[in-house]
Amino acid sequence: MKYEVAIQLTETGPDTGVFTGKHQLGTGTNVTGSPVTYNPVPGDIIKVIYKDEKNSAGVAYDVTATAKVASNTASLSLSKTSLGIEEKLTINVTEPDGNLNPSAVEYINSDPIPSTRDKGYLYVYSSSDTVGISPKLTETGANTGVFTVKVSFTTSSTPSRTGTVLQANKGDTITVMYWDRLNTAGTDQKIEATATITATTGTISLDKSVYSPYSKVVITVTDPDMNENPAAVDTIPASQITVK
């Protein structure tokens, strides 16, 4: 799409003769001050023209520089493909197109209404909660282009659609989907990865092999599946333990 915007530059310091400025592709103002919007797409050529009032020969001269618009296909990785419900899942999205400011840590924001599913957002959902969540991702460092978030699970209802806690149960498939706005071909692309909430076989032991009448029996059950809330002391209900 053809467009033209005007940019004001500022000298880098007193008496340097070097002037810099920034332009965010997609918007700006023209020479008359009117707003301009456009849609840069891969393959576009950006041409910057500086109208030098006098060059070394003493005449007006246009100095130009060009660059190409290109987009990248994002990639998605998970820390695990199989995990217990008590574990956290680390999600990494490599998205160079989201690295707009090489000097700062940036973010991929959450979609406030995950049920709509829109381009440019991350979605995490389970077999138990198919709407799921759209958590905010944080760049791992300035200029890395890698965005990360950790998601944990609960057997209760999902507390927030823009949070990092998702309802899931043993045996659930966890689907992670990032909807890339522009891949290398300039079209949107859904990128997915999955993990499974596994169940482990519990073990039981007693503190003794022989007890005297009316003595106490100490029962120990080891079952990571029952560690449903890592931040709290969980219980195994009496309906699951029988002494005969």
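Anything mentioned here points back to the structure above.
Treat the numbers as computed from the prediction; the structure is a model and nothing was measured.

K.L.:
Teacher, can you tell me more about the overall build of the protein here?
P.N.:
Summing up its helical and strand segments, the protein has zero helices and 18 strands in all. Computed over its C-alpha atoms, the radius of gyration of the protein comes to 28 Å, more than 25% above the 18 Å expected for a compact globule of 244 residues. In terms of overall dimensions, the protein has C-alpha extents of about 110 × 40 × 25 Å along its principal axes. In the form shown here, the protein has an accessible surface area of approximately 15,400 Å², with 52% of it arising from carbon and sulfur atoms.

K.L.:
Got a minute to help me understand unusual backbone geometry in this structure?
P.N.:
Negative phi values dominate among residues other than glycine, just as trans dominates among peptide bonds. With a phi angle near 65°, D15 is a residue other than glycine that sits in the positive phi range. Topologically, D15 is positioned in the loop between β1 (10–11) and β2 (19–20). Non-glycine residue Y214 carries a positive phi angle of around 70°. With respect to the secondary-structure elements, Y214 resides in the loop between β17 (203–206) and β18 (219–222).

K.L.:
Please explain the environment of D207 as it appears in this structure.
P.N.:
By the secondary structure assignment, D207 is in the loop between β17 and β18. Given the relative accessible area of 41%, D207 is considered partly exposed. Considered as a pair, D207 and V165 are 42 residues apart in the sequence and their alpha carbons are 37 Å apart. Other than its neighbours up to four places away in sequence, D207 contacts V217 and V218.

K.L.:
Just checking my understanding: could you explain the nonpolar core for this structure?
P.N.:
If you look at soluble globular proteins, the nonpolar side chains tend to sit buried side by side. Core analysis: the biggest nonpolar cluster contains 26 residues, and I91, L122, V124, F153 and I174 have the highest contact counts within it. Those elements that place two or more of their residues in this core are β7 (75–78), β9 (89–94), β11 (122–126), β13 (146–154), β15 (173–180) and β16 (189–197). Setting aside chain neighbours within four positions, we find V124 in contact with I91, G132, I133, P135, V151, L166, I174, T175 and V176.

K.L.:
I tried to follow the pattern of salt bridges on my own but got confused; where do I start?
P.N.:
Two side chains of opposite charge can pair, provided their charged atoms sit close to one another. With the rule as written, the count across this model stands at three salt bridges. With a closest N to O distance of 3.6 Å, K51 and D62 form a salt bridge. Residue K51 is located in strand β5 (residues 45–52), and its partner D62 is located in strand β6 (residues 61–68); the two are separated by 11 residues in the primary sequence. For K51, a relative accessible area of 59% corresponds to the exposed category. Given the relative accessible area of 41%, D62 is considered partly exposed. Here R161 and D129 are joined by a salt bridge, their closest N and O atoms 2.7 Å apart.

K.L.:
Whenever I open this one, the sheet that holds β15 confuses me. Can you help?
P.N.:
Picture the strands of a sheet paired through backbone hydrogen bonds; they go either parallel or antiparallel. Overall, mixed pairing links the four strands, which are arranged β8-β16-β15-β11 in an open sheet. Sheet topology places β8 (82–83) and β11 at the edges, where each strand pairs with a single neighbour. Sheet topology places β15 next to β16; eight bridges connect them, and they run antiparallel. Bridging across to β16, M177 finds its partner in E192.

K.L.:
Just checking my understanding: could you explain the side chain of R117 for this structure?
P.N.:
Mapping R117 onto the fold places it in the loop between β10 (107–108) and β11. Buried charge without a partner: R117 forms no salt bridge, and the closest opposite charge is D111, 6.8 Å away. A polar side-chain atom of R117 sits 2.5 Å from the main-chain carbonyl oxygen of P114. Here V131 takes part through its backbone oxygen, which lies 3.0 Å from a polar atom of the side chain of R117. Ignoring any residue separated from it by four or fewer positions in sequence, one finds R117 in contact with D111, Y123, Y125, T130, V131, M177 and W179.

So, how was this worked out
- Residues numbered from 1 in each chain as written.
- Predicted model: local features only at pLDDT ≥ 70, side-chain atom pairs only at ≥ 80, totals over all residues.
- Heavy atoms only, no water.
- Helix = DSSP H or I, 4+ residues; strand = E, 2+ residues; numbered from the N terminus.
- Rg over C-alpha atoms; globule rule 2.2 N^0.38 Å.
- Areas by Shrake-Rupley, 256 points an atom, 1.4 Å probe, with all protein chains shown as cover.
- Buried < 20%, exposed > 50% of the residue type's maximum accessible area, 1.4 Å probe, protein only.
- Contact = heavy atoms within 4.5 Å.
- Core = buried A, V, L, I, M, F, W, Y, C linked by side-chain atoms within 4.5 Å.
- Salt bridge = Lys/Arg side-chain N within 4 Å of Asp/Glu carboxyl O.
- Pairing = 2+ DSSP bridges.
- Lys, Arg positive; Asp, Glu negative; His and termini not counted.
- Polar contact = N/O pair within 3.5 Å; in protein donor to acceptor, adjacent residues only side chain to side chain.

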